[in-house]
Amino acid sequence: MTPSTMAPDTGTREPGTAQARDIDRRDVRQASSIDLRGLHKRFGKTTIALDGVDLTIEAGEFFTLLGPSGCGKTTLLRILAGLEEPDAGSLRIGDRDITDTPPHKRSVNTVFQSYALFPHLSVRDNLAFGLRMQGIPLEQRKAKVAEIADFIQLGDLVERRVDRLSGGQRQRIALARALICEPNVLLLDEPLSALDAGLRGQLQVELQRIQKRLGMTFVFVTHDQDEAMVMSDRIAVLDSGIIQQVGTPSEVYEHPVNAFVARFMGHDNLFAIQRSADNWVDTDLGRLQLDPAQQRSEQQGWLLIRPETLELGGDVPAGYNRLEGIVKERLYRGSRIEYRLEVNGVTLMAVASNLGQRLHAVDDRVTISVCPEDLVRVAA
Amino acid sequence: MKKRTLQRGLGVFWWLTLVFLYLPLVVVMVFSFNSANSAAHFTGISLRWYRRLLGNEEILSAFANSMVLAITSSVIALVIGCLIGYGMYRHRHRKLGWLIVLIYLPIVLPDIVFGISEMTFFVQIHRLTGILQPGIETMIIAHVTFQIPFVALIVYSRFVGLDPSLFEAAKDLYASPWQRALHFMLPTIKPALLSAFFLSFTLSIDDFVISFFTAGPESATLPIYIWGAIKKGVSPEINAIATLMIGAVAIAAVLSLIFSYRRQR
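Basis of the calculations
Residues numbered from 1 in each chain as written. Chains lettered and ligands numbered in written order. Predicted model: local features only at pLDDT ≥ 70, side-chain atom pairs only at ≥ 80, totals over all residues. Helix = DSSP H or I, 4+ residues; strand = E, 2+ residues; numbered from the N terminus. Contact = placed C-beta atoms within 7 Å. Nonpolar A, V, L, I, M, F, W, Y, C, P; charged D, E, K, R; others polar. Pairing = 2+ DSSP bridges. Buried ≥ 20, exposed ≤ 12 C-beta atoms within 10 Å, placed from the backbone. Arc of directions from axis to C-beta. pLDDT = per-residue confidence, 0-100. UniProt positions renumbered as here; feature names shortened; annotations may be inferred. Right-handed = clockwise from strand over helix to strand, strands pointing away. Expected span 1.5 Å × (residues − 1).

K.L.:
Which residues make up the overall build of chain A, and what values go with them?
P.N.:
When helices and strands are counted, chain A shows 8 helices and 21 strands. Principal axes of the C-alpha set define a box for chain A whose edges measure 80 × 45 × 35 Å. Taking all contacts inside chain A whose residues are at least 6 apart in sequence as the whole, residues at least 24 apart take part in 67%.

As structure tokens, then:
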């Protein structure tokens, strides 16, 4: 977006709007960091939504809060927006403490899950709503609407009625309505969950591109780990109101810190560790050699084997673990083939890229090569 | 085959119901144009009774009273009922049990009980303080009291039908509490308010029992006038008034319906 003065012009303000308010806004083109300390929130007497959250989000980061429903991710987002007050803890955006700042005085805007477009207003007036409430004069509002319509490529959508828009179109308008205010932080509450898969993929890419172009801090909430990995710079995985892990998509996917994160990231191959030493573990699969560098302090826990790291058939390279299994099921997915194997009576999933190799048939006995470096110990 | 016969039977029943409901109204309307002074024989079309109506000071004053009463009470009920409806929405998650029953009570209470209690109440107030002599003021208060629940419920149901995120979106987009009321809530519930106003108006114009108990000697409304007049026998003049009232109420009811239909879209 082009730089423009956002300070309300007292001379030409439209009647009916309140006087200029002290909205927590610094340089509009500068993204803000977020600092959360010791956030607690409970609903009623028993429901704990947040149980001590400490989190730092860097300026200009695409940050995703990921977790199952009821994990506290939406509550955290709503506290950032000011729509929910924390029971304890503090919240800073940039260098200002905004724990007690009401939502209409925070330079934070939200894209709501239901889009929440005002039904009594046209698309144009929906887009201009935030500017109008801040007392920005009509001429500047018009210019900004034109600018954002161009930026998000809304085309003639601006002229439509809100009730004549499709889901995807509403989503874009809701995004534009929040971006037009040039907030320090943009919050997105599962904005893609109501869309069909194709459109969702397209908008994931577009959202990411918009975020990179604006350099704005985005905080995105989702329960879909694929979406989180595709879009985010960093991900926080939440469960039971506690942050389980914060990291880049590859850190969280390849090195989940505990079984919950591993399962939530879609891993099936988790095996309870019965005995272990520095460089080996015993599980139901048998004894497997580990890379000693990988070892963790926890002696108990789980062994994670990523299905795509397994090598089926052929010779087992030196230094690799060798397993024997029987193919129980084969799923042809086009770009890849998924096998459900049985090893020592337990199920092991394996995925092979479809490179035109000979496929293993159901009931085939196959050798499985497991590289010690690909085995990851995961806390319980 | 059998099913079709049944459906035809139900169709007949529908038409019978309509005839039963509306034929008396049609009779009144037809006889209001009767040239003769008779409720039994229709002799020819004339506007004689309407002309007579316009020359009748008592009727004109009753009409004026009815309009003043209906408009004033509807406006007041709209403001109070709107606030109550919003309050009910805001605190809908609390257990309001008996409070909600109190809101509904005036709707189900027999008019005659309501009228008598209002009358007794006003008489006592007047005896103790000297204010609120029976007249148009007491009627307005009484009418407002029975209109409020309707307004409150219409407004409440409009709010409940809204996406709760809209309230949050308004906050999120920098609207202060007053701006939210002015730029979001009022425009959003406008159709509900219009519909509630016309419903209140219709209820007020239509009311006889409560008006009768709270009226003073100078504040007869059209229904009270009619009641007094028919003691001397039904004149075609009454038919003319009735026809005009049917027209007025029908217009208000249709407007109320139109706005509530728009509200649901």
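K.L.:
Give me the lowdown on the interface of chain B and chain A, citing residues and values where you can.
P.N.:
Tallying the contact residues gives 17 residues for chain B and 21 residues for chain A. Looking at the side of chain B that touches chain A, the elements that each hand over two or more residues are helix H7 (165-172) and helix H8 (177-206) of chain B. Its residues assigned to classes, the side of chain B that touches chain A comprises 9 nonpolar, 4 polar and 4 charged.

K.L.:
Quick one: what's the story with the sheet that holds strand E20 (residues 365-370) of chain A, residue by residue and with numbers?
P.N.:
Two modes of strand pairing occur in sheets, parallel and antiparallel, and in both the strands are linked by backbone hydrogen bonds. All names here are of chain A. Taking strand neighbours across the sheet as the criterion, the 5 strands line up as E16-E20-E17-E18-E19 in an open arrangement whose pairing is antiparallel. With one partner strand each, in any of the chains shown, strand E16 (311-312) and strand E19 (346-353) form the two edges of the open sheet. Of the strand pairs in this sheet, strand E17 (residues 321-332) and E20 are connected by 6 bridges, and their pairing is antiparallel. Looking at E20, one finds that Gly325 is bridged to Val366.

K.L.:
Go over helix H10 (residues 222-229) of chain B with me, naming the residues and quoting the values.
P.N.:
Here H10 of chain B has its buried residues at Leu222, Pro223 and Tyr225 of chain B. One face of H10 of chain B carries all of its buried residues, which in axial projection span an arc of 160°.

K.L.:
Would you mind going over unusual backbone geometry in detail, with residue names and values included?
P.N.:
Residues and elements named next belong to chain A. Backbone geometry at Gln153 places phi at a positive 55°, although glycine is not the residue there. By secondary structure assignment, the location of Gln153 is in the loop between helix H3 (138-151) and helix H4 (167-179). A positive phi angle, near 50°, is found at Ser240, a position not held by glycine. If you trace the backbone, Ser240 turns up in the loop between strand E9 (234-239) and strand E10 (242-247). Overall, the presence of 15 C-beta atoms within 10 Å leaves Ser240 in the partly exposed class.

K.L.:
Pulling in residues and values, what's your account of the confidence of the model for chain A?
P.N.:
Residues and elements named next belong to chain A. Taken residue by residue, chain A gives an average pLDDT of 88. The fraction at 70 or more is 91%. Per-element averaging of pLDDT across chain A places strand E12 (residues 275-276) at the bottom with 84 and strand E3 (residues 62-66) at the top with 97. The low-confidence segment residues 1-28, where pLDDT is below 50, has 48 contacts with residues more than four positions distant or belonging to other chains.

K.L.:
Run through the UniProt feature "domain: ABC transporter" (unreviewed entry) in chain A, naming residues and quoting values.
P.N.:
The feature "domain: ABC transporter" (unreviewed entry), as annotated in UniProt, sits at residues 34-265 of chain A in this numbering. What you have in residues 34-265 of chain A is 36% helix and 26% strand, and the ends, taken at the C-alpha atoms, are 25 Å apart.

K.L.:
I'd like a description of the pairing of strand E7 (residues 185-189) of chain A, backed by residues and values.
P.N.:
Residue and element names in this part refer to chain A. Counting buried residues along E7, 5 of its 5 residues qualify, which places the element largely inside the surrounding structure. Of the two faces of E7, the one lined by Val185, Leu187 and Asp189 and the one lined by Leu186 and Leu188 are each fully buried. Pairing between strand E6 (residues 108-111) and E7: 4 bridges, direction parallel. Bridge assignment links Val108 to a residue of E7, and that residue is Val185. In terms of strand pairing, E7 meets strand E8 (residues 217-222) through 5 bridges, oriented parallel. Looking across to E8, one finds that Leu188 is bridged to Phe220. For the segment spanning E7, helix H5 (residues 197-214) and E8, crossover handedness is right-handed.

K.L.:
Could you give an account of the UniProt feature "transmembrane region" (unreviewed entry) in chain B, naming the residues involved and the relevant values?
P.N.:
Per the UniProt annotation, the sites labelled "transmembrane region" (unreviewed entry) are residues 12-33, 59-84, 96-116, 136-156, 192-213 and 240-261 of chain B. With 86% helix and 0% strand, residues 96-116 of chain B has its two end C-alpha atoms placed 28 Å apart.

K.L.:
So, H5 of chain A: which residues are in play, and what are the values?
P.N.:
Given 3.6 residues per helical turn, the α-helix brings residues three or four places apart onto the same face. With 18 residues, H5 of chain A extends 26 Å from end C-alpha to end C-alpha; this agrees with the ideal 26 Å at 1.5 Å per step. Remark: Gly215 of chain A follows H5 of chain A within two positions and exhibits a positive phi of approximately 65°.

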